[in-house]
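# Observations on the three-dimensional arrangement
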Amino acid sequence: MFRIPESIADIGKRRIEGFPVEGFVYGEGPEHPELMLIGEAPGEFEIVDGIPFIGRAGKELMKSLGTIGLAREDVYITSAVRSRPYRWGTKKERDGTMTERKYNRPPTQKEILAHAPVLDYELVNVKPKLIVTLGNVGLQRLLGKEAKVTELHGQLLERPIQYLSELEDRSFSWTEKRYKIVPTFHPASVFYRPSHRPDLEADWLEVGRILQEMKSEE
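So, a few notes on the structure that sits alongside this text. Here the residue numbering is sequential within each chain, running from 1 through the sequence in written order. Since the coordinates come from a predicted model, pLDDT governs what is reported: local features require at least 70, and pairs of side-chain atoms require 80 or more to be given and counted, while whole-chain, interface and lining totals use all residues. Hydrogens and water molecules were not included; the side-chain quantities draw on all heavy atoms of the structure.

### Digging into the nonpolar core
The criterion, for reference: Buried residues of nine kinds, namely Ala, Val, Leu, Ile, Met, Phe, Trp, Tyr and Cys, make up a nonpolar core once their side-chain atoms join them within 4.5 Å. With a 1.4 Å probe rolled over the protein chains alone, any residue whose accessible area is under 20% of its type maximum counts as buried; one over 50% counts as exposed, and the rest are partly exposed. Here a strand is any run of E in DSSP of at least two residues, a helix any run of H or I of at least four, and the numbering for each starts at the N terminus.
Membership of the largest hydrophobic core comes to 47 residues, with the highest contact counts inside it found for Leu35, Leu37, Leu123, Leu142, Trp204 and Val207. The biggest single contributor to this core is helix H9 (residues 197–217), with six residues. Ranked by size, the runner-up nonpolar core spans 11 residues in total, among them Ile112, Ala114, Val137 and Phe172.

Now the structure itself:
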């Protein structure tokens, strides 16, 4: 199993200090896997257990992997940001009282930049054969703001990706190496947009087909 060194985790933790985020979740999975999955950021369950994708979206993701004969331990799972971005909101309890609580929110560009060295390290050292991005945040972290999951999902892209050349850089550079990437929707998207499900299922079958093709070429 691959795990980033503490020195890299410390860089990530230090760089995100002062932002409304909590916890830190390590990526998880084997070195040199067939697949690396890149999501956006951990949620409330993930930061408690320190394991990526274990909530409702995680169950959905495991189902998708199962359709192509893979399980959690076969793939490397990570995300653009490692700490849970939250916002405060109020929730009405059953007895009618209002309580303050933390809600998940998408990470900001500055938070993505703060944790860029962590993902960069994984991409260089895990060396996946194929990357699947889950939702726009993971996709745009690699391919820039113009990349949209609605336009690119289910396609095999072979492109350079964004990385942080120097720790003090405010913007990304592009790798010389080209990576194989298939964008798809975030597994949680089917909860609030059920119309995505057929596309999501088709994308995963395409991922399976691409992996088979890559195997036969080896």
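### Quick notes on the pattern of salt bridges
In plain terms, the rule: Whenever Lys or Arg places a side-chain nitrogen within 4 Å of a carboxyl oxygen from Asp or Glu, that contact is recorded as a salt bridge.
In this structure the tally under the stated criterion is 14 salt bridges. With a closest N to O distance of 2.8 Å, Glu22 and Arg84 form a salt bridge. Taken together, the residues span a long stretch of sequence, with Glu22 in strand E1 (residues 21–22) and Arg84 in strand E4 (residues 84–92) at a distance of 62 residues. Put simply, Lys215 and Glu34 hold a salt bridge, and the shortest N to O gap is 3.6 Å. A residue pair is termed long-range when its members are at least 10 positions apart, and Lys215 in helix H9 and Glu34 in the loop between E1 and strand E2 (35–39) qualify at 181 residues. Several salt bridges converge on common partners, so that one network encompasses Glu22, Arg84 and Lys102.

### Describing the sheet that holds strand E5 (residues 98–104)
Note the following rule: For two strands to be treated as a pair, DSSP must find no fewer than two bridges joining them.
In spatial order, the strands read E1-E4-E5; together these three strands make up an open sheet with antiparallel pairing. Among the strands making up the open sheet, the edge pair consists of E1 and E5. Sheet topology places E1 next to E4; two bridges connect them, and they run antiparallel. Bridge pairing in E4 places Val21 opposite Pro85.

### With respect to the pairing of strand E6 (residues 130–134)
Burial within E6 is extensive, with five of its five residues counted as buried. Taking every second residue as pointing to the same face, both faces of E6 are buried, with Leu130, Val132 and Leu134 on one and Ile131 and Thr133 on the other. As paired strands, E2 and E6 are joined by four bridges and run parallel to one another. Following the sheet pairing, Leu37 is matched in E6 by Val132. Direction of pairing for E6 relative to strand E10 (residues 179–184): parallel, over a ladder of four bridges.

### Here we look at unusual backbone geometry
Its identity is not glycine, yet His32 carries a phi of approximately 50°, on the positive side. Within the element layout of this structure, His32 appears in the loop between E1 and E2. Positive phi, normally seen in glycine, also occurs at Lys127, with a value near 55°. By the secondary structure assignment, Lys127 is in the loop between helix H5 (116–126) and E6. Residue class for Lys127 comes out partly exposed when judged on its relative accessible area of 45%.

### Description of the side chain of Arg141
Filter applied, for reference: Here a polar contact is taken to be a pair of N or O atoms separated by no more than 3.5 Å, where protein atoms must pair a possible hydrogen donor with a possible acceptor and residues adjacent in sequence count only if both atoms sit in side chains.
Locating Arg141 in the fold gives a position in helix H6 (residues 136–143). A polar side-chain atom of Arg141 sits 2.6 Å from a polar atom in the side chain of Asp120.

### Describing the packing of helix H1 (residues 6–15) against H5
Helices that pack against each other are described as a pair by the angle of their axes relative to one another and the distance between those axes. Short version of the rule: In this analysis an axis means a line fitted to C-alpha atoms, helices contributing only their contacting stretch, and an angle means the value between N-to-C directions, from 0 to 180 degrees. These descriptions rest on fixed angle ranges, namely under 35 degrees for roughly parallel, over 145 for roughly antiparallel, 65 to 115 for roughly perpendicular, and the rest for oblique. For this analysis, residues touch if any pair of their heavy atoms sits within 4.5 Å. Residue classes follow a fixed rule: Ala, Val, Leu, Ile, Met, Phe, Trp, Tyr, Cys and Pro count as nonpolar, while Asp, Glu, Lys and Arg count as charged, and any other residue, Gly among them, counts as polar.
Running from N to C, H1 and H5 point in directions that differ by 155°, and their axes come no closer than 8 Å. Here H1 is positioned roughly antiparallel relative to H5, judged by the angle of their axes. Between H1 and H5, the contacting residues are Ile8, Ile11, Gly12 and Arg15 on the first element and Pro117, Val118 and Tyr121 on the second. Residues that form the contact of H1 with H5 fall into these classes: five nonpolar, one polar and one charged.

### Side note on the environment of Gly39
In this fold, Gly39 is placed in strand E2. Take Gly39: its relative accessible area is 0%, and that puts it in the buried class. Distance in space between the C-alpha atoms of Gly39 and Lys215 is 25 Å, their sequence separation being 176 residues. Residues within four places of Gly39 in sequence aside, it is in contact with Phe53, Thr78, Ser79, Ala80, Leu134 and Gly138.

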